[in-house]
Amino acid sequence: MQSPVFVGRREEIASLTALLERAADGEPGFAIVAGEAGVGKTRLVTELAGQAADSGFTILAGHCVELGAEGLPLAPLIDALRTLARTTARTELADVLGPARRGLGRLLPELDPGGAAEPAADGVQVSQLLELVLGLLGRLSARRPLLLVLEDLHWSDQSTRELVAFLIRSLRGVRVVLLATYRSDELNRRHPLRPLIASWDRLRTVQHVELRRFEPGRSPPSSARSSAPNPPPGSSTWSSTGPAATPTWWRNWPAWCAAAATRLIFPRPWRMCC
Ligand SMILES: Nc1ncnc2c1ncn2[C@@H]1O[C@H](COP(=O)(O)OP(=O)(O)O)[C@@H](O)[C@H]1O
Ligand SMILES: [Mg+2]
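Please read all numbers here as calculations on a predicted model, not as lab measurements.

Enquirer: Break down the environment of Leu44 for me, with residues and values.
Expert: Locating Leu44 in the fold gives a position in helix α2 (residues 41-54). Separated by eleven residues in sequence, Leu44 and Val33 place their C-alpha atoms 8.9 Å apart. Residue contacts for Leu44: discarding those within four places in its chain leaves Arg9, Glu12, Val33 and Leu211.

Given below as structure tokens:
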């Protein structure tokens with residue numbers, strides 16, 4: 001269980017909030033949040049997503065899943081699509097899916113219930129899939145700005161990595177923030193994510209946020225990591241970030257909750273032929 005009290009990370013929240021604000025004006029933003037296991041990546045992203053939801057953003061989030069050497073194919077995308085399917089009214093869903101309904105329905109059948117009866121064609125080329133996702137994000141963000149969170153890229157499969165690289169290259173003039181996280185301590189020298197991170201670091205458009213451990217005396221107390229206590233009044237070891245310190249995020253965040261609730265359901269893997 002997570003504490004509703006968010007501690008510190010003022011600079012990180014400020015720079016990521018600036019990305020949200022620019023995205024709301026039509027300039028897409030990209031951020032990579034890195035740090036060792038347990039340092040607070042998910043908590044930071046959760047906090048930001050709460051703010052984004054309060055500002056009218058649609059939140060779609062998905063996690064990579066650790067599965068052998070190569071992660072589950074496109075797990076975070078499927079996660080995000082499932083959230084979309086379960087939190088969007090039927091007619092609106094049909095509109096935003098548009099021409100992508102059939103192709104993405106092969107990835108997640110509940111997007112295209114009628115399509116399951118049809119014989120599966122030869123899978124979909126990765127390049128087609130990328131275009132379908134790009135189109136979907138464009139249509140979605142034309143309605144409301146969108147925050148797309150892809151968590152734990154250190155467990156990503158190749159298709160997920162290609163998707164992220166493609167979106168960073170191709171999203172233009174849309175109200176989208178793409179935020180990815182990874183464990184920096186999982187990236188050994190031969191990890192396939194490494195060269196991608198290096199290439200993104202060379203791009204001015206990608207913000208790389210490296211989370212450090214809290215200094216002694218400033219870390220979230222253990223109570224913040226388990227139950228949900230109030231911070232000691234006036235304690236100097238607690239700092240909040242204004243609106244982010246309030247627990248409103250979890251009341252206003254159905255998409256995130258739906259993603260969390262459905263994360264354990266793994267749909268059939270995406271069929272691809274290159
Ligand atoms: N800034 C913070 N404020 C309050 N709790 C935090 C903060 N950062 C981390 N935590 C808590 O520490 C634990 C681990 O954080 P988490 O975000 O899951 O780490 P990571 O995603 O980097 O592995 C969680 O219980 C989380 O709620
Ligand atoms: Mg995490």
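Enquirer: Go over the sheet that holds strand β4 (residues 176-183) with me, naming the residues and quoting the values.
Expert: The strands making up a sheet associate through hydrogen bonds between their backbones, and the pairing can be parallel or antiparallel. Reading across the sheet, the five strands line up as β2-β3-β4-β1-β5 and stay open at both edges, with parallel pairing between neighbours. Of all the strands in the sheet, the pair left with one neighbour each is β2 (58-63) and β5 (206-210). Averaged over all pairs of adjacent strands, the angle between strand axes in this sheet comes to 15 degrees, irrespective of strand direction. One ladder, built from five bridges, connects strand β3 (residues 146-151) with β4; its direction is parallel. Pairing of Leu148 across the sheet is with Leu178, part of β4. Packed onto the sheet, helix α3 (residues 75-87) meets β2 and β3 and runs at close to 145 degrees relative to β2.

Enquirer: Describe helix α7 (residues 158-170), and please don't skip the residues or the numbers.
Expert: One turn of an α-helix holds 3.6 residues; hence residues three or four places apart share an orientation. The terminal C-alpha atoms of α7 lie 18 Å apart, and with 13 residues this matches the ideal 18 Å at 1.5 Å per residue to within 8%. Of the residues making up α7, those classed as buried are Ser159, Thr160, Leu163, Val164 and Leu167. Buried residues of α7 fall within an arc of 140 degrees about the axis and therefore sit on the same side. The inward-facing, buried residues of α7 abut α3, α6 (126-143), β3 and β4.

Enquirer: Can you break down the packing of helix α1 (residues 10-24) against α2 residue by residue, with the values?
Expert: Two numbers describe how α1 lies on α2: the axes approach to 11 Å, and their chain directions differ by 40 degrees. One finds that α1 runs oblique with respect to α2. Considering only the axes of α1 and α2, their crossing is right-handed. Seen from α1, the contacting residues are Glu12, Ile13, Leu16, Thr17 and Leu20; seen from α2, they are Leu44, Glu47, Leu48, Gln51 and Ala52. Tallied by class, residues from the contact of α1 with α2 come to six nonpolar, two polar and two charged.

The rules behind these values
- Here the residue numbering is sequential within each chain, running from 1 through the sequence in written order.
- Starting at A for chains and at 1 for ligands, labels are handed out in the order in which the entities are written.
- Confidence filtering applies because this is a predicted model: local features only for residues at pLDDT of at least 70, side-chain atom pairs given and counted only at 80 or more, and all residues used for totals across whole chains, interfaces and linings.
- The way it works is that DSSP assigns letters per residue, a run of H or I at least four long becomes a helix, a run of E at least two long becomes a strand, and they are numbered from the N terminus.
- Residues are defined as contacting one another if the C-beta atoms placed from their backbone atoms lie within 7 Å.
- A pair of strands is labelled paired if DSSP reports no fewer than 2 bridges between them.
- Inter-axis angles, ranging from 0 to 180 degrees, are taken between N-to-C directions of lines fitted to C-alpha atoms, where helices are fitted over the stretch in contact.
- Multiply 1.5 Å by the residue count of a helix minus one, and that product is the helix's expected span.
- Residues are called buried when their C-beta atom has 20 or more other C-beta atoms within 10 Å, exposed when it has 12 or fewer, and partly exposed otherwise; all C-beta atoms are positioned from the backbone.
- Comment: arc refers to directions from the helix axis out to C-beta atoms.
- Should an angle fall under 35 degrees it is taken as roughly parallel, and over 145 as roughly antiparallel, whereas 65 to 115 is taken as roughly perpendicular and any remaining angle as oblique.
- In this scheme the crossing of two helices becomes right-handed for a clockwise turn of the near helix relative to the far one and left-handed for an anticlockwise turn of less than a right angle.
- Amino acids are sorted into nonpolar (Ala, Val, Leu, Ile, Met, Phe, Trp, Tyr, Cys and Pro), charged (Asp, Glu, Lys and Arg) and polar (every other residue, Gly among them).

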